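Tertiary structure, described
Now for the letters of each chain:
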Amino acid sequence: MASDLDSGSHSVYSLHYHLILVTKYQHGVLTEERTNFIHGVIDGFAEKYDVEVSHLDGEDDHIHILFKTKPTTNLVKFVNTLKGATARRVRNEFPELKDEQVDSFWNDSYCLISTGQVSLDVLTEYVENQRR
């Protein structure tokens, strides 16, 4: 079995995360075109945070982002930057969203799970809780 370990000058690590972002009020505004645009925006600044996005997918009201990081990555700063940057850029690129959204693009909360803890039940529970 191949090992998926990265290393630094004094450490060996494997830090993989699953981030779920839900649109505000579960508005179904994420088309395939908009999701691809968001992926491009994230790729544009992820390197600055030592983040490597391995997968991004979702449905019309949420996205799943799988990524790996270094131990020095400030995850809260990365997620907040990701939410702010993608919301601004999507609203600029797709002005018709003003008719579809009430105020903010993303829900204030997010779900960040280390991939060792990911299960379909956890993901389903999170998305369902956001719909309530």
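Refer to the structure printed above.
Residues numbered from 1 in each chain as written. Predicted model: local features only at pLDDT ≥ 70, side-chain atom pairs only at ≥ 80, totals over all residues. Heavy atoms only, no water.

Before going further, it helps to examine the sheet that holds strand E6 (residues 111-114). In space, the four strands of this open sheet follow the order E4-E5-E3-E6, with antiparallel pairing throughout. Unpaired on one side and paired on the other, strand E4 (51-59) and E6 mark the two borders of the sheet. Between one strand and the next, the sheet's axes are offset by a mean angle of 20°, whatever the strand orientation. Two elements, E4 and strand E5 (residues 62-69), share eight bridges in a ladder whose sense is antiparallel. Across the sheet, residue aspartate 57 finds its bridge partner in E5, namely histidine 64. Contacts from helix H1 (residues 32-46) reach E4 and E5, with the element oriented near 165° to E4. Contacts from helix H2 (residues 75-93) reach strand E3 (15-22), E4, E5 and E6 within the one sheet, and its direction differs from that of E3 by about 35°. (Pairing = 2+ DSSP bridges. Helix = DSSP H or I, 4+ residues; strand = E, 2+ residues; numbered from the N terminus. Axes fitted to C-alpha atoms, helices over the stretch in contact; angles between N-to-C directions. Contact = heavy atoms within 4.5 Å.)

Let us now look at the environment of isoleucine 113. Mapped onto the fold, isoleucine 113 is located in strand E6. You can call isoleucine 113 buried: its relative accessible area is 6%. Along the backbone, isoleucine 113 and tyrosine 17 are 96 residues apart, and their C-alpha atoms lie at a distance of 5.6 Å. (Buried < 20%, exposed > 50% of the residue type's maximum accessible area, 1.4 Å probe, protein only.)

Before going further, it helps to examine the packing of H1 against H2. Taken N-terminus to C-terminus, the directions of H1 and H2 make an angle of 135°; their axes are 9 Å apart at the nearest point. As the angle between them shows, H1 and H2 are arranged oblique. The crossing of H1 and H2 is right-handed. Here Phe37, Ile38, Val41, Ile42, Phe45 and Ala46 of H1 lie close against H2, whose contacting residues are Phe78, Thr81, Leu82, Ala85, Thr86, Arg89, Val90 and Glu93. Considered class by class, the residues forming the contact of H1 with H2 number ten nonpolar, two polar and two charged. (Parallel < 35°, antiparallel > 145°, perpendicular 65-115°, else oblique. Left-handed = near helix turned anticlockwise from the far one by under 90°. Nonpolar A, V, L, I, M, F, W, Y, C, P; charged D, E, K, R; others polar.)

What follows concerns H1. Taking 1.5 Å per residue as the helical rise, H1 with its 15 residues ought to reach 21 Å, and the 21 Å between its terminal C-alpha atoms agrees with that figure. For H1, the full list of buried residues reads Arg34, Thr35, Phe37, Ile38, Val41, Ile42, Phe45 and Ala46. Down the axis of H1, the buried set is contained in an arc of 165°. They therefore lie on one face. Away from its buried face by more than 90 degrees, H1 exposes Glu32, Glu33 and Gly44. (Expected span 1.5 Å × (residues − 1). Arc of directions from axis to C-beta.)

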